[in-house]
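Remarks on the overall topology
Below are the chains, spelled out letter by letter.
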Amino acid sequence: MGLRSDIIAIKGKDPAATSTLSILLTSSGMHAVWIYRLSHLYWKMHLKLLARITSNLGRFLTGVEIHPAAVIGKNFLIDHGTGTVIGETTIIGNNVLIYHQVTLGGTGNESGIKRHPSLCDGVMVAAGAKILGDIKIGANARVGANAVVLSDVPSNATAVGMPARIIMNENTKEEDCSLMSKV
Ligand SMILES: CC(C)(COP(=O)(O)OP(=O)(O)OC[C@H]1O[C@@H](n2cnc3c(N)ncnc32)[C@H](O)[C@@H]1OP(=O)(O)O)[C@@H](O)C(=O)NCCC(=O)NCCS
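Quick summary incoming for the structure in this document. Please read these numbers as outputs of a predicted model, since none were measured by experiment. (Residues numbered from 1 in each chain as written. Predicted model: local features only at pLDDT ≥ 70, side-chain atom pairs only at ≥ 80, totals over all residues. Heavy atoms only, no water.)

1. Here's the deal with the overall build of the protein chain
Per the secondary structure count, the protein chain includes four helices and 15 strands. Judged by the C-alpha coordinates and their principal axes, the protein chain covers about 40 × 40 × 25 Å. In the protein chain, which comprises 183 residues, the proportion classed as buried is 47%. In the protein chain, the share of contacts with a sequence separation of at least 24, taken over all contacts with a separation of at least 6, comes to 34%. If you sum the accessible surface of the protein chain, you get close to 9300 Å²; carbon and sulfur atoms cover 57% of it. Where the 17 positive side-chain charges of the protein chain centre and where its 13 negative ones centre are 6 Å apart. (Helix = DSSP H or I, 4+ residues; strand = E, 2+ residues; numbered from the N terminus. Buried < 20%, exposed > 50% of the residue type's maximum accessible area, 1.4 Å probe, protein only. Contact = heavy atoms within 4.5 Å. Areas by Shrake-Rupley, 256 points an atom, 1.4 Å probe, with all protein chains shown as cover. Lys, Arg positive; Asp, Glu negative; His and termini not counted. Charge placed at Lys NZ, Arg CZ, Asp CG, Glu CD.)

Written as structure tokens, this is what we have:
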């Protein structure tokens, strides 16, 4: 289940996390991801009530709510985590980092099956950001603290503010990160 790579990812991205033992015992964001993986396994086995109960237990223990149907790649790191909510049809690629109070949710106006965002590989979502609707955040893009993102963000760009404005740089480009293959 990638537990070892989770610990290596935390050591690489969180300067406060140095000891493996301390990470194992105290990293609630990592615990939330592990509980999600169990609930996702139950979801795929069509044990949906058990999946929801496991997910709810994860929320009780860590303050992070991840719907068991969400699809999440490798080395996913939630730093701090309290108050973070990840919706049912969210898709997250590899090596993604998100902080506390982040919502990957719906706008409330969606009518299709996919209501939540897709985050490509290497995305960073800062504390308090809300990413709403079936939109795509391109590879290695960054979403600033407290941003409210309502439309696609190109790869390598930064989105800040409410509603978010896009700050381009020389590496910014549209790109298909083929996340749908993870569904
Ligand atoms: C998004 C972020 C990574 C951008 O960093 P950056 O690329 O170095 O961006 P800059 O600081 O050069 O700012 C670029 C512009 O965006 C603005 N900006 C940056 N972050 C912003 C934010 N969160 N909200 C609104 N505007 C923001 C700056 O004022 C600047 O505007 P200007 O071009 O009009 O002067 C960073 O600002 C951020 O939000 N970090 C939060 C990380 C976090 O969650 N930490 C919690 C740890 S517990």
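Moving on from the model shown.
2. Quick notes on the pattern of salt bridges
Here the structure, examined in full by the defined rule, presents four salt bridges. Among the ionic pairs, arginine 59 bridges to glutamate 65, the shortest N-O distance being 3.1 Å. Salt-bridge contacts for lysine 114 lead to aspartate 134; the nearest nitrogen and oxygen are separated by 3.9 Å. You can see lysine 114 sitting in the loop between β7 (103-105) and β8 (118-119) and its partner aspartate 134 sitting in the loop between β10 (130-132) and β11 (136-137), a full 20 residues away along the chain. (Salt bridge = Lys/Arg side-chain N within 4 Å of Asp/Glu carboxyl O.)

3. Brief notes about the side chain of serine 27
Within the element layout of this structure, serine 27 appears in the loop between α2 (20-26) and α3 (28-44). Note on serine 27: relative accessible area 14%, which makes it buried. The contact partners of serine 27, leaving out residues within four places of it in the chain, are Ile10 and Ser22.

4. Quick word on the site of the ligand
Taken together, 14 residues lie around the ligand, and Ala126, Ala127, Arg142, Ala145 and Arg165 are the ones closest in. Between an oxygen atom of the ligand and a main-chain N or O atom of alanine 127, the distance comes to 2.8 Å. In the model, an oxygen atom of the ligand is placed 3.2 Å from a nitrogen or oxygen of the arginine 165 side chain. The residue makeup of the shell around the ligand, split by class, is seven nonpolar, five polar and two charged. (Near = heavy atom within 4 Å. Polar contact = N/O pair within 3.5 Å; in protein donor to acceptor, adjacent residues only side chain to side chain. Nonpolar A, V, L, I, M, F, W, Y, C, P; charged D, E, K, R; others polar.)

5. As for the environment of histidine 116
Position of histidine 116 relative to the elements: it lies in the loop between β7 and β8. With residues up to four places along the chain from it excluded, the contact list for histidine 116 reads Gly87, Glu88, Thr89, Thr90, Leu104, Gly105, Gly106, Gly133, Asp134 and Ile135. A polar atom in the side chain of histidine 116 sits 2.8 Å from the side chain of threonine 89.

6. A short note on a nonpolar patch on the surface
On the surface, Leu38, Leu41, Met45, Leu47 and Leu50 cluster together to form a nonpolar patch covering roughly 410 Å² of accessible area. The residue leucine 38 is located in helix α3 in this model. Classification of leucine 38 by relative accessible area gives partly exposed; the value is 34%. (Patch = residues over 30% accessible without salt bridge, like charges linked within 9 Å, V, L, I, M, F, W, Y side chains within 5 Å.)

7. Describing the nonpolar core
Ranked by size, the top nonpolar core spans 29 residues in total, and within it Phe76, Ile98, Leu119, Val125, Ile131, Ile137 and Val149 carry the most contacts. Broken down by element, the residue count for this core peaks at three residues, all from α3. Among the nonpolar cores identified, the runner-up in size contains eight residues, and Ile10, Ala17, Ile23 and Leu77 belong to it. (Core = buried A, V, L, I, M, F, W, Y, C linked by side-chain atoms within 4.5 Å.)

8. As for the side chain of threonine 84
Position of threonine 84 relative to the elements: it lies in the loop between β3 (77-78) and β4 (85-86). Owing to a relative accessible area of 0%, threonine 84 belongs among the buried residues under this scheme. Not counting the four nearest positions on each side in its chain, threonine 84 is found in contact with Gly63, Val64, Glu65, Ile98, Tyr99, His100, Gln101 and Val102.

9. Quick notes on α3
Compared with the 24 Å implied by 1.5 Å per residue over 17 residues, the 24 Å span of α3 between its first and last C-alpha is a close match. Taken as a whole, α3 has its buried residues at Gly29, Met30, Ala32, Val33, Trp34, Ile35, Tyr36, Arg37, Ser39, His40 and Trp43. Just downstream of α3 lies histidine 46, where phi reads positive at about 65°. (Expected span 1.5 Å × (residues − 1).)

Interpretation note: all reported values are geometric properties and have no functional meaning in isolation.
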